[in-house]
Amino acid sequence: MSQPHRVHVVGAGLAGLAAALTLAQSGVGVVLHEAAPQAGGRCRSYVDAKLGCRIDNGNHLLLAANRAAMRYIDLIGARATLTGPGVAEYPFLDRATGERWVLRPNAGKIPWWVLAPSRRVKGTSPFSYLPARRLMQAPAQAVVTEILDPAATIFRRLWQPLAVAALNTEAEAGSARLFGEVVRQSLGQGGAACIPLLPREGLSETLIDPALGKLSTAHGAFRTGSRLRSLAFESDRLAALDFDGGVETVLEGEAAILAVPAPIAARLLPDLVAPDEFRAIVNAHYRIAMHGDAPWFVGVIGGTAEWVFRKPEILSVTVSAADRLIDMPAEELAPILWRDVAAAFDLAAEPMPPWQIVKEKRATFAATPAQLQRRPKAATRWTNLALAGDWTDTGLPATIEGAIASGFAAADLLLGRAESR
Ligand SMILES: Cc1cc2nc3c(=O)[nH]c(=O)nc-3n(C[C@H](O)[C@H](O)[C@H](O)COP(=O)(O)OP(=O)(O)OC[C@H]3O[C@@H](n4cnc5c(N)ncnc54)[C@H](O)[C@@H]3O)c2cc1C
């Protein structure tokens, strides 16, 4: 179809926001529908009543290499809301041995940092890094542990934590090829691409609120409490959307983007093949104000916590692929994770500060080779309906970068700017 004059974007997570903004800024009339009372989906901030302060629903680390995310952040004018160390420095602590090191890839693409013991992972040699090249040629069905030796020190201290964080899937089940793509786009581009970027205040202040502001400037409408219940089709086109608030007829020259999570999309489009296996993420937040010279984050090897982030008033823990912890009572989990946090930031183990545990049972789809086969393209068999979301076929894991890239791709498809990915 030619460029639509009005598009309903359903779901105001990052995918829906990226799509809605692109369309609105191209002069298309946009209505962004969101079932919840607020935008942001799985990437947002809120006031936690127990802690008495604002927290993020998860610790979302961006890298300078995240091209779609950076384009989006520039589009919404939010660069100045990002902060971080300004250099590619990744401090680690091994809980089993107490050893610490800082991974410091050099800025350029030629990885001479592996030659410098002070820059590479403790206990590894320059040769330890060579097998990682095999990830790039991994067969589609291979999992990470089939390509990299799980008994190697570098696996335990670098590849495993990176794979689990990037794929939100254990290395024994995660796609080697997808992990290879993550490594290619990050470490493979050199340290300048690996500079970590964090929201100065919170996820919503950086990624959501400025986007809603830009959308309204571009005359896009945003409706909360607007849950899509069903879709109606006529031959090869979408004809109507049935929302909680009423039916929207989709006229000739109008279109829609479905930017809802995979299970919701599969319910709305019964013949859709979409990922149907998921992994949990567990976050723990401890209310404690740290000095500004404390590390921005620490990677914990061999603990229960995996990454600990310093935020305003909070130390916050992420455990990815955390299905094993999902049924553990929060009262048991909080002290276990706190011991890792205290060790990582050199704090006294007693008393434990006020805490909150947030469990996301279906945080992302499982990035297994079989599930990757189930990711659909942006285009559907209906001429005026496109799909977006971190679960669509972006070639990236379920991340901020993937979600935003999917929103751009769906908008470009409707604008006739690109083939479906
Ligand atoms: C705890 C946690 C930690 C994470 N950490 C990281 C990280 O460190 N780095 C990273 O890059 N990524 C991370 N992610 C992943 C990242 O948050 C997601 O990939 C991204 O936010 C997904 O965006 P999305 O727009 O595809 O989906 P969503 O954010 O799920 O947005 C979908 C939207 O659709 C709405 N919706 C649902 N049903 C309907 C309906 N019927 N009608 C209307 N609206 C509907 C939902 O309310 C939601 O707002 C993390 C995720 C979680 C949960």
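Residues numbered from 1 in each chain as written. Predicted model: local features only at pLDDT ≥ 70, side-chain atom pairs only at ≥ 80, totals over all residues. Heavy atoms only, no water.

Asker: Run through the packing of aromatic side chains, naming residues and quoting values.
Answerer: Within this structure, the stated rule accounts for 9 aromatic pairs. Both rings, one in F92 and one in W101, keep their centres 5.6 Å apart while their planes meet at 10 degrees; by these two values the pair is stacked. Overall, the relative accessible area of 2% leaves F92 in the buried class. The class of W101 is buried, set by a relative accessible area of 6%. On the basis of an interplanar angle of 45 degrees and a centroid distance of 5.9 Å, the ring pair of F297 and F309 is categorised as tilted. Of this pair, F297 sits in strand β16 (residues 297-301) while F309 sits in strand β17 (residues 307-311), and the two are 12 residues apart along the sequence. By relative accessible area, which is 2% here, F297 ends up buried. A relative accessible area of 5% places F309 in the buried class. Aromatic ring contacts, followed pair by pair, group Y90, F92, W101, F297, W307 and F309 into a single cluster. Here the basic side chain of R310 rests over the ring of W296, its NZ or CZ set 4.6 Å away from the ring centre. (Phe/Tyr/Trp six-rings, centres within 6.5 Å; stacked < 30°, edge-to-face > 60°. Buried < 20%, exposed > 50% of the residue type's maximum accessible area, 1.4 Å probe, protein only. Helix = DSSP H or I, 4+ residues; strand = E, 2+ residues; numbered from the N terminus. Lys NZ or Arg CZ within 6 Å of the ring centre and 35° of its normal.)

Asker: An account of the sheet that holds strand β13 (residues 246-249) is requested, with residue identities and associated values reported.
Answerer: Across the sheet, 3 strands lie side by side as β11-β12-β13; this open sheet has antiparallel pairing. Because the sheet does not close on itself, it has two edges, and the strands there are β11 (228-234) and β13. Taken over all neighbouring pairs, the strand axes of this sheet differ in orientation by 20 degrees on average, direction set aside. One ladder, built from 6 bridges, connects β11 with strand β12 (residues 237-243); its direction is antiparallel. Its bridge partner being in β12, S230 is matched across the sheet by D242. (Pairing = 2+ DSSP bridges. Axes fitted to C-alpha atoms, helices over the stretch in contact; angles between N-to-C directions.)

Asker: Tell me what's going on with unusual backbone geometry, and back it up with residues and numbers.
Answerer: Following E350, the chain continues into P351 via a peptide bond in cis, with omega recorded as -10 degrees. Along the chain, P351 falls in the loop between α8 (330-344) and β19 (355-365). Positive phi, normally seen in glycine, also occurs at N168, with a value near 50 degrees. Tracing the backbone through its elements, the reader meets N168 in the loop between α4 (153-167) and α5 (176-185). Its relative accessible area of 3% is what places N168 among the buried residues. For H219, which is not a glycine, the phi torsion comes out positive at approximately 65 degrees.

Asker: Quick rundown of the pairing of strand β14 (residues 254-258)? Include the residues and the values.
Answerer: Within β14, 5 of the 5 residues are buried, which leaves it mostly tucked inside the rest of the structure. Alternating residues of β14 divide into E254, A256 and L258 and A255 and I257, and every residue in both groups is buried. As paired strands, β14 and strand β20 (residues 385-387) are joined by 3 bridges and run parallel to one another. From the neighbouring strand, L258 faces β20, where its bridge partner is L387.

Asker: Just give me the short version of the packing of α4 against α5, but keep the residues and values in it.
Answerer: Where α4 contacts α5, the two axes come as close as 10 Å, and the packing angle between them is 100 degrees. When the axes of α4 and α5 are compared, the pair comes out roughly perpendicular. Of α5, the residues touching α4 (which contributes W159, L162, A163, A166 and L167) are L178, F179, V182 and V183. Its residues placed into classes, the contact of α4 with α5 shows 9 nonpolar, no polar and no charged. (Parallel < 35°, antiparallel > 145°, perpendicular 65-115°, else oblique. Contact = heavy atoms within 4.5 Å. Nonpolar A, V, L, I, M, F, W, Y, C, P; charged D, E, K, R; others polar.)

Asker: Give me the pattern of salt bridges: which residues, what numbers.
Answerer: Enumeration over the complete set of coordinates arrives at 26 salt bridges. A salt bridge links D56 to K311, with the shortest nitrogen-to-oxygen separation between them at 3.0 Å. In this pair, D56 is assigned in strand β4 (residues 53-56) and K311 in strand β17, connecting sequence segments 255 residues apart. Classification of D56 by relative accessible area gives buried; the value is 6%. (Salt bridge = Lys/Arg side-chain N within 4 Å of Asp/Glu carboxyl O.)

Asker: Pulling in residues and values, what's your account of α4?
Answerer: Taking 1.5 Å as the rise per residue, α4 with 15 residues should run 21 Å; its terminal C-alpha atoms sit 20 Å apart, in good agreement. Along α4, the sharpest change in direction is near 40 degrees and occurs at W159; proline P161 comes one to four residues later. Those residues of α4 lying buried are I154, F155, R157, L158, W159, P161, A163, V164, A166 and L167. (Expected span 1.5 Å × (residues − 1). Bend = angle between axes of the 7 residues up to and from the residue.)

Asker: Kindly report on the packing of helix α1 (residues 14-25) against helix α10 (residues 400-414), identifying the contributing residues and their values.
Answerer: At a closest axis distance of 7 Å, the pairing of α1 and α10 adopts a crossing angle of 35 degrees. With respect to the hand of their crossing, α1 and α10 are arranged in right-handed fashion. For the pair α1 and α10, the contacting residues are L14, A15, A18, A19, T22 and L23 in the first and I400, A403, I404, S406, G407, F408, A411 and D412 in the second. Tallied by class, the residues present in the contact of α1 with α10 amount to 10 nonpolar, 3 polar and 1 charged. (Left-handed = near helix turned anticlockwise from the far one by under 90°.)

Asker: Break down the nonpolar core for me, citing the residues and quoting the values.
Answerer: Membership of the largest hydrophobic core comes to 59 residues, with the highest contact counts inside it found for Y90, W159, F179, L241 and L258. Per element, the largest residue contribution to this core is 6 residues, and it comes from α4. Discounting chain neighbours no more than four positions away, the residues touching F179 are L135, V144, L148, W159, L162, A163 and L167. Listed in part, the 47 residues of the second largest apolar core include A24, L215, A386 and A403. (Core = buried A, V, L, I, M, F, W, Y, C linked by side-chain atoms within 4.5 Å.)

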